[in-house]
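Now for the letters of each chain:
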Amino acid sequence: MPPVFDEKKCIRCGKCVRDCPAYILELDKKNKKTPDIIEKYKHECWHCGNCRISCPAEAVSFEFPLYTLV
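Residues numbered from 1 in each chain as written. Predicted model: local features only at pLDDT ≥ 70, side-chain atom pairs only at ≥ 80, totals over all residues. Heavy atoms only, no water.

Trainee: Looking at this model, I keep getting lost on unusual backbone geometry. Mind explaining?
Mentor: Residues apart from glycine generally show negative phi values, whereas peptide bonds are mostly found in trans. Its identity is not glycine, yet Arg12 carries a phi of approximately 55°, on the positive side. Checked against the element boundaries, Arg12 lands in the loop between strand E1 (3-5) and helix H1 (15-19). A positive phi angle, close to 55°, is found at Glu58, a residue other than glycine. Mapped onto the secondary structure, Glu58 falls in the loop between helix H2 (50-54) and strand E4 (60-62). Look at Glu58 and you get exposed, because its relative accessible area is 61%. (Helix = DSSP H or I, 4+ residues; strand = E, 2+ residues; numbered from the N terminus. Buried < 20%, exposed > 50% of the residue type's maximum accessible area, 1.4 Å probe, protein only.)

Trainee: Sorry, what's going on with the pattern of salt bridges here?
Mentor: Charged atoms that come close allow side chains of opposite charge to pair. Taken as a whole and judged by the stated rule, the model has 1 salt bridge. When the shortest N-O distance is used, the salt bridge between Arg18 and Asp19 registers 3.0 Å. Residue Asp19 is classed as partly exposed on the basis of its relative accessible area of 25%. (Salt bridge = Lys/Arg side-chain N within 4 Å of Asp/Glu carboxyl O.)

Here it is as structure tokens:
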């Protein structure tokens, strides 16, 4: 599962995009949107957590399906 962005917490600083080693995130500053997963690469997320760690607003989280946690 790719990262999930909380629109209410996101300050659109772009640190998550900068720190993603898989280059699957993009930030649309023109339309004032939160970061998003590039659709054609959404299955390439490494789940490394760099985006979550680098976010100063704690707006990034991961939601893993239950079967992966057992």
